[in-house]
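Here's the letter readout for the chains.
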Amino acid sequence: MAYKDEKLHEEKVFKDPVHRYVHVRDRVIWDLIGTKEFQRLRRIKQLGTSFLTFHGAEHSRFNHSLGVYEIVRRILINFEDRPNWNHEERLLCLCAALLHDLGHGPFSHSFEKVFKLDHEDFTRSIILGDTEVNQVLTNISIEFPQKVADVINKTYHDKLVVSLISSQIDADRMDYLQRDAYFTGVSYGHFDMERILRVMRPVEDQVVIKESGMHAVEDYIMSRYQMYWQVYFHPVTRSAEVILTKILHRVKQLYDEGYTFKVEPAPFVSFFEEQVSLEDYIKLDEAVVLYYFQMWAEEDDPILSDLAYRFINRRLFKYAEFNPNLQMNEWMELYQLFRDIDLDPDYYLVVDSSSDLPYDFYRPGEEEERLPIHLLMPNKELRELSRQSDIVEAISGKKRTDHKLYYPKDLIEKLPEDRPEKQQIKKILHKQES
Ligand code: ZN
């Protein structure tokens, strides 16, 4: 029997708190889960620094990847007897769903920013390179790894297949919204996924939603909106992320200056040199990173040791509302004041801006050409969601941005009361504090 048709003798099931069970019957899926590159995802948290805000948010990218696979598996069962659906693509969809986040590293967001990396490049490299994942995929056919990479990269010719994994209503989002809501314990993020799966229909190059399912989709879009602002952009999570990013900046700067570390940061050297091999990348997980943070908290460099201590012990920066575009003068003044009190503003005065677009219809040429969600009307016409739904129309295309200024309030408080800089800093920041 060809490897692509091989089934496990007995179905394997994973208990899952969000989908109850994840079912595996295909040999290739089982083999992919067993590869070391996929097992590595157990050691990378799905929500990065969010666990410092929501203590339950310790779930891993492994959980989420299995969840996305399970959702796609269920969608495909519903597609089984639909016209427009090419059954040959089944295994490709399942593999792409399972592997779509394979290249994420520890605290990806900060690492990518500081070391100029892109997790999507690593996803591609792991699928196409000399890895266990590549060996398993090659057993299907010699072209198969490339096809999986193309689906994840959104360049695959069959856009219907791509849209299951990445669109404005895809298996990825449907899993992470529910999973992140479950593990953070918030009450937003829940929507009727079973209903959405039942009303999804494959039509030519996209998945559309039967009009009768519109309210379930509205609920999904609103829950995404809520999750972004209440969980993903939570100001405390961002504070931890700011500190994490500054630790990486500092350690790289020290390395560049030839600083002698008490413990040689060997796993980071190729990151500092910006020549990261696939092997080094795969080895670096959150356990390694947190081990070095502990070591760095003991370093002689006062900035590195302070920042690492803060991250490990959750002594986060406080924040104030601050829009650098509108408050240039205050920014310059604060910058100088921080210098005057010997707090390096490049590490201790940080503006962070987060923005999100909850839903958008198609606007060609914009940064990310978003495919709109289409409703399938009873007369078989397709209608773009925001033209039918008042709720979705109200938030369509509205980009919201939030700016915050992060700083170590504890260190400012420690200054003697009679230092004029202290009073002046407090005066500027007090106005902005919420
Ligand atoms: Zn994902």
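Fair warning: this is a prediction, and the values are worked out from it, not measured in the lab.

Conventions used here
- Residues numbered from 1 in each chain as written.
- Predicted model: local features only at pLDDT ≥ 70, side-chain atom pairs only at ≥ 80, totals over all residues.
- Heavy atoms only, no water.
- Helix = DSSP H or I, 4+ residues; strand = E, 2+ residues; numbered from the N terminus.
- Rg over C-alpha atoms; globule rule 2.2 N^0.38 Å.
- Buried < 20%, exposed > 50% of the residue type's maximum accessible area, 1.4 Å probe, protein only.
- Contact = heavy atoms within 4.5 Å.
- Lys, Arg positive; Asp, Glu negative; His and termini not counted.
- Charge placed at Lys NZ, Arg CZ, Asp CG, Glu CD.
- Domains from an automatic or database assignment.
- Buried area = accessible area lost by both parts, 1.4 Å probe.
- Pairing = 2+ DSSP bridges.
- Axes fitted to C-alpha atoms, helices over the stretch in contact; angles between N-to-C directions.
- 1 Å grid on protein atoms, 1.4 Å probe; cavity = no way out; pocket = protein on both sides within 12 Å on 5 of 7 lines; lining within 4 Å.
- Points joined across faces, edges and corners; volume = space filled by probe spheres on them.
- Nonpolar A, V, L, I, M, F, W, Y, C, P; charged D, E, K, R; others polar.
- Donors = N, O, S within 2.8 Å, 3.2 Å for Na, K, Ca; no water.
- Tetrahedral: all angles 85-135°; square planar, octahedral: opposite > 155°, others 65-115°.
- Core = buried A, V, L, I, M, F, W, Y, C linked by side-chain atoms within 4.5 Å.

Draft legend 1. Fine view of the overall build of the protein chain. Counting its regular elements, the protein chain contains 23 helices and 9 strands. In terms of overall dimensions, the protein chain is globule-like: its C-alpha atoms have a radius of gyration of 24 Å, near the 22 Å expected for 434 residues. Considering only C-alpha atoms, the protein chain reaches an extent of 80 × 50 × 40 Å along its principal axes. For the protein chain, the residues scored as buried account for 55% of the 434 residues in total. By sequence separation, contacts in the protein chain at least 24 residues apart represent 70% of the contacts at least 6 residues apart. If you average the places of the 57 positive and of the 75 negative side-chain charges in the protein chain, the two averages end up 4 Å apart.

Draft legend 2. Local environment of the domain arrangement of the protein chain. For the protein chain, the assigned domains are domain 1 (3-232) and domain 2 (237-354 + 402-433). Relative to domain 2, the C-alpha centre of domain 1 lies at a distance of 34 Å. Taken together, the contact pairs 29 residues of domain 1 with 25 residues of domain 2. Summing both sides of the interface, domain 1 and domain 2 together bury roughly 2,700 Å²; the carbon and sulfur share of this comes to 67%.

Draft legend 3. A look at the pairing of strand β1 (residues 7-16). Two strands pair when backbone bridges link them, and β1 and strand β2 (residues 20-26) are joined in this way by 6 bridges, in the antiparallel orientation. Paired with Lys15 across the two strands is Tyr21, which belongs to β2.

Draft legend 4. Focus on the sheet that holds strand β9 (residues 400-407). Taken in spatial order, the 3 strands make up an open sheet running β5-β9-β6, and their pairing is antiparallel. Because the sheet does not close on itself, it has two edges, and the strands there are β5 (318-321) and β6 (350-356). For this sheet the average axis-to-axis angle between neighbouring strands, irrespective of direction, equals 35°. For β5 and β9, the ladder comprises 4 bridges, and the chain directions are antiparallel. The residue bridging Lys318 from the neighbouring strand is Tyr407, located in β9. Across the sheet, helix α13 (residues 235-256) lies against β5, β6 and β9, angled at about 60° from β9, the strand it touches most.

Draft legend 5. View of the layout of surface pockets. The volume enclosed by the second largest pocket comes to roughly 290 Å³. Lining of the second largest pocket is provided by 14 residues; of these, Lys4, Glu88, Glu89, Leu91 and Phe144 occupy positions nearest its centre. Counting only elements with at least two residues in the lining of the second largest pocket, the list comes to α4 (90-99) and α8 (144-152). Of all the elements, α4 adds the most residues to the lining of the second largest pocket, at 3 residues. Tallied by class, residues from the lining of the second largest pocket come to 4 nonpolar, 2 polar and 8 charged.

Draft legend 6. Fine view of the coordination of the zinc ion. Binding of the zinc ion to the protein goes through His64 (NE2), His100 (NE2), Asp101 (OD) and Asp172 (OD), at separations of 2.1 to 2.3 Å. Metal-centred angles of 83 to 174° between the 4 donor atoms at the zinc ion mark the site as irregular. Each donor residue of the zinc ion lies on the same chain, and together they follow the pattern H-x35-H-D-x70-D. Note that His64 is positioned in helix α3 (residues 61-79) and Asp172 in helix α10 (residues 171-184), a separation of 108 residues in sequence. A relative accessible area of 16% places Asp172 in the buried class.

Draft legend 7. A look at the nonpolar core. One finds Leu99, Val148 and Ile196 to be the most contacted residues of the largest nonpolar core, which totals 85 residues. Residue contributions to this core peak at 10 residues, all from helix α12 (residues 214-232). In this structure Leu99 touches Leu32, Phe38, Thr123, Ile127, Val133, Leu137, Val148 and Ile152, once residues within four positions along its chain are discounted. Counting residues in hydrophobic clusters, the runner-up holds 54 residues, among them Phe271, Tyr281, Leu284 and Leu415.

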